[in-house]
Amino acid sequence: MRAMVISGGGSKGAFAGGVAQYLMQELNYKYDLFLGTSTGSLLISHLALQKIEKIKEIFTSVNQESIFSNCPFIIQKKYGVENIAIDHWNVLKNFYRGSKTFGESHNLLQLIKNTLSVEEFETLKKGSKEIVVTVSNLSLNQVEYKSINDCTYEEFCEWIWISCNYTPFMSLVRKDGCEYADGGLGNMVPIEEAIKRGATEIDAVILQTETTLFNRMPSKNAFALMTSMFAFMLDRIEHQNIRIGKYVAKHNDAIINFYYTPVVLTTNSLIFNKEKMTAWWESGFNFAKYKNTETSQLEITQD
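Cut-off values and rules
- Every chain is numbered independently, its residues counted from 1 as its sequence is written.
- Per-residue local features of the predicted model are confined to residues with pLDDT of at least 70, and side-chain atom pairs are confined, for both listing and counting, to 80 or more; whole-chain, interface and lining totals are unaffected and use all residues.
- For the side-chain quantities, the full set of heavy atoms in the structure was used; hydrogens and water were omitted.
- All axes are obtained by fitting lines to C-alpha atoms, using only the stretch in contact for helices, and the reported angles, taken between N-to-C directions, cover 0 to 180 degrees.
- Secondary structure elements are taken from DSSP: a helix is a run of H or I of four residues or more, a strand is a run of E of two residues or more, and numbering for both begins at the N terminus.
- Here the angle decides the label: under 35 degrees means roughly parallel, over 145 means roughly antiparallel, 65 to 115 means roughly perpendicular, and every other value means oblique.
- Note on convention: near helix rotated counterclockwise from far helix by under a right angle means a left-handed crossing. Clockwise means right-handed.
- In this description, contact between two residues means that some pair of their heavy atoms is separated by no more than 4.5 Å.
- Note on residue categories: nonpolar means Ala, Val, Leu, Ile, Met, Phe, Trp, Tyr, Cys or Pro, charged means Asp, Glu, Lys or Arg, and polar means any other residue, Gly included.
- Side-chain atoms within 4.5 Å link the members of a nonpolar core, which is a set of buried Ala, Val, Leu, Ile, Met, Phe, Trp, Tyr and Cys residues.
- Buried, partly exposed and exposed residues are distinguished by accessible area as a fraction of the type maximum, computed with a 1.4 Å probe on protein chains only: under 20%, between the cut-offs, and over 50%, respectively.
- Whether two aromatic rings pair depends on their centres lying within 6.5 Å, for rings of Phe, Tyr and Trp, where Trp uses its six-membered ring; planes under 30 degrees apart make the pair stacked, over 60 edge-to-face, and the rest tilted.
- In this analysis the charged atom, NZ for Lys or CZ for Arg, is taken to sit over a ring once it is within 6 Å of the ring centre and within 35 degrees of the ring normal.
- Here a polar contact means two N or O atoms within 3.5 Å. Within protein one must be a hydrogen donor candidate and the other an acceptor candidate, and residues neighboring in sequence count only if both atoms are side-chain atoms.

Let's talk about the packing of helix α1 (residues 13-26) against helix α2 (residues 39-48)
Phase 1: Where α1 meets α2, the closest approach of the two axes is 10 Å, and the angle between their N-to-C directions is 30°. With respect to α2, the element α1 is oriented roughly parallel. The interaxial crossing formed by α1 with α2 has right-handed handedness. Residues Gly13, Ala16, Gly17, Ala20 and Met24 of α1 pack against Thr39, Leu43 and Leu47 of α2.
Phase 2: Partitioning the contact of α1 with α2 into residue classes produces five nonpolar, three polar and no charged.

What follows is the structure, encoded as structure tokens:
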């Protein structure tokens with residue numbers, strides 16, 4: 001059984017889309033299982049449907065307005081570099097309404113419903129492929145994996161949305177008596193889950209570089225500090241998930257093909273820029289091509 005696993009990474013998900021496009025269209029890889037965390041969960045349904053051009057157009061066109069019904073930050077550009085600062089008015093407005101988070105992301109839920117139709121959902125559910133998204137259950141202190149086979153259309157759209165909710169900057173969702181948030185808070189790269197579900201070969205797209213290639217600049221405000229802290233924690237979680245995945249794969253004779261980003265794409269994945277994301281998609285496609293060409297040449301040399 002072959003699986004595709006896509007990690008969390010906000011706007012960097014465009015790179016994963018490019019990798020998937022090359023593997024599926026150029027190498028004709030067929031996947032039985034798709035697993036996604038956070039931004040990865042936005043991609044996998046359309047990849048399973050083979051509607052790659054559709055999701056490319058949608059994903060690379062996403063902006064802050066597409067996601068946030070109440071955006072907690074503003075983007076400041078200085079010397080060509082984009083940074084974020086807190087939008088005090090929007091944050092205060094959110095707290096006044098009784099929200100537990102700085103911002104709300106209900107626009108993203110509507111975008112998901114607008115792009116994944118009921119007919120497409122039914123096609124996937126009746127098909128042989130399994131699509132699974134990762135969510136974090138804060139109430140029970142555990143990670144949960146939601147399969148399309150166990151959900152109605154409304155439920156599955158909500159789980160995709162929940163998987164992407166980068167709390168406390170995006171919505172905290174109460175569902176089934178529990179509070180849920182971004183799947184990346186528990187498992188950024190669900191390789192272990194893929195193997196548990198029977199995968200023997202996994203193509204894992206990791207939306208960060210294999211080694212640390214930068215030092216973070218000093219935080220300019222409390223909001224920037226908080227995003228840096230969360231980014232640090234998620235990076236640690238990701239490294240741990242990968243180590244566990246490698247260990248489980250070794251003991252189950254499973255093969256993992258890793259696709260890391262070759263360069264640092266961005267230091268703030270909450271900023272969505274159409275031009276950059278389009279370039280990252282092409283970068284992912286070209287990187288997958290290069291990686292597989294190099295592997296083929298190496299195999300020929302060894303023979």
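Focus: the nonpolar core
Phase 1: Phe34, Leu47, Phe156, Ile191 and Ile202 are the most contacted members of the largest nonpolar core, which has 91 residues in total.
Phase 2: Those residues in contact with Phe156 that lie beyond four places of it in its chain are Ser45, Leu116, Phe121, Ile131, Val133, Lys146, Ser147, Ile148 and Cys151.

Section: the packing of aromatic side chains
Phase 1: Within this structure, the stated rule accounts for 14 aromatic pairs.
Phase 2: Ring centres 6.0 Å apart and planes at 40° place the aromatic pair Phe15 and Phe287 in the tilted group. Here Phe15, found in helix α1, pairs with Phe287, found in helix α11 (residues 274-302); they are 272 residues apart in sequence, far enough to count as distant. Side by side, Phe15 and Phe287 carry an identical accessibility label, which is buried.
Phase 3: An angle of 70° between the planes, with centres 5.7 Å apart, marks the rings of Phe169 and Phe230 as edge-to-face. Highlighted residues: Phe169 in the loop between α8 (153-164) and β7 (173-175) and Phe230 in helix α10 (residues 222-251), separated in sequence by 61 residues.
Phase 4: Among the aromatic residues, those joined into a cluster by ring pairs are Phe95, Phe102, Tyr166, Phe169 and Phe230.
Phase 5: Over the ring of Tyr259 we find Lys291; its NZ or CZ atom is 5.5 Å from the centre of that ring.

Here's the deal with the environment of Glu144
Phase 1: Topologically, Glu144 is positioned in strand β6 (residues 142-147).
Phase 2: The buried category is assigned to Glu144, whose relative accessible area is 11%.
Phase 3: Between the C-alpha atoms of Glu144 and Gln25, which are 119 residues apart in sequence, the distance is 31 Å.
Phase 4: Among the polar contacts listed, one links the side chain of Glu144 to the side chain of Asn137, at a separation of 2.8 Å.
Phase 5: Looking at Glu144, its side chain comes within polar contact range of the side chain of Tyr180, at 2.8 Å.

Section: unusual backbone geometry
Phase 1: The omega torsion across Thr167 and Pro168 is 10°, close enough to zero to call that bond cis.
Phase 2: Tracing the backbone through its elements, the reader meets Pro168 in the loop between α8 and β7.
Phase 3: Of note, Asn141 is a non-glycine position whose phi angle comes to about 60°, a positive value.
Phase 4: Turning to its location among the elements, Asn141 is positioned in the loop between β5 (130-137) and β6.

Focus: the side chain of Ser171
Phase 1: As for its position among the elements, Ser171 is in the loop between α8 and β7.
Phase 2: A polar contact of 2.6 Å, which involves the side chain of Ser171, links it to the side chain of Glu104.
Phase 3: Among the polar contacts listed, one links the side chain of Ser171 to the backbone nitrogen of Ser105, at a separation of 2.9 Å.
Phase 4: With residues up to four places along the chain from it excluded, the contact list for Ser171 reads Thr101, Gly103, Glu104, Ser105, His106, Trp161 and Asn165.

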